Amino acid sequence: MIKVLVVEDDPMVAALNKQYVEQMDGFTLSGTAANTDEAVGHMAKVKVDLILLDVYMPGSNGIDFLRQIREQNEDVDVILITAASEMEQIQQSLRLGAIDYLIKPFEFDHFQEALTRYKNNYYKLHHKSSVSQQELDRLFRKKSQPASNQSKPQELPKGLTKNTLQTINESILFYGGQTFSTEDIAEAANISRVSVRKYLKFLTDIGYLEEDLIYGVGRPIYQYQLNEERQHIIASYL
């Protein structure tokens, strides 16, 4: 699980961000801090993977805190969540290594997209000893679905249903950037392997998944991985 620290001085906003984190699979709330001093104290006691950091706070602001983290070589990622939309603030945060920037007010969908993208990249970087240029391109490139495609519903092939596809997709997203097999999804979704195979084949055909045939002891096994560049495509089928 990815441990998240929310640093926000507004109690209502902090509670909302906490609620958002708790709705996300693969994340757990490490704690909340009303200012950077509390954040420092928390990080001294608990290993944190990701900080959701506000810019405007009493005392040391978020940008100064981010600079402090980098100077101390803290091994933690930061997403800024703030009402600050000035280009100078954004440029400073990016130069200091912020991995994303959410401007208030935002909907849960936008929050979910940012954390899902982070989770996918997190597992790729933490479960591989090396990466290819193609994988690096995916890590550093954000691609959004064209608006014209978002409103165009697509029909599923005969024999597939939206409800089952939704269930299988939730299991796929749980794996983030990790590879998985038909058996993994069948067990997670509590659906037969025969049925799961049909859906994984469909998702591979539309480019949502990448498929590899792994040879080992016994029969070869198909392994799948989410294709982040085509992640948007499933929305038109659900």
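Residues numbered from 1 in each chain as written. Predicted model: local features only at pLDDT ≥ 70, side-chain atom pairs only at ≥ 80, totals over all residues. Heavy atoms only, no water.

**A short note on the sheet that holds strand β8 (residues 221–226)**
Alright, step 1. Strands sit in the order β6-β8-β7 across an open sheet of three strands; the sheet is antiparallel. At either margin of the open sheet sits one strand with a lone partner, and together these are β6 (180–181) and β7 (209–214).
Alright, step 2. Of the pairings in the sheet, the one linking β7 to β8 comprises six bridges and is antiparallel in character. Bridge pairing links Leu213 to Tyr222 in β8.
Alright, step 3. Against the sheet, helix α10 (residues 193–205) contacts β6, β7 and β8, and its axis sits at roughly 115 degrees relative to β7. (Pairing = 2+ DSSP bridges. Helix = DSSP H or I, 4+ residues; strand = E, 2+ residues; numbered from the N terminus. Contact = heavy atoms within 4.5 Å. Axes fitted to C-alpha atoms, helices over the stretch in contact; angles between N-to-C directions.)

**Thoughts on the pairing of β8**
Alright, step 1. Where β6 lies against β8, two bridges are found, and the strand directions are antiparallel. For Ser181, the partnering residue across the bridge sits in β8 and is Gln223.

**Some thoughts on the nonpolar core**
Alright, step 1. Ranked by internal contacts, the top residues of the largest apolar core, which has 24 residues, are Ile172, Leu203, Tyr208 and Leu209.
Alright, step 2. Counting residues per element, the ones that place at least two in this core are α8 (162–174), α9 (182–189), α10 and β8.
Alright, step 3. The dominant element in this core, judged by the number of residues it contributes, is α10, at five residues.
Alright, step 4. If you look at the next biggest cluster of nonpolar residues, it comprises 21 residues, including Ala39, Leu53, Val55 and Ile63. (Core = buried A, V, L, I, M, F, W, Y, C linked by side-chain atoms within 4.5 Å. Buried < 20%, exposed > 50% of the residue type's maximum accessible area, 1.4 Å probe, protein only.)

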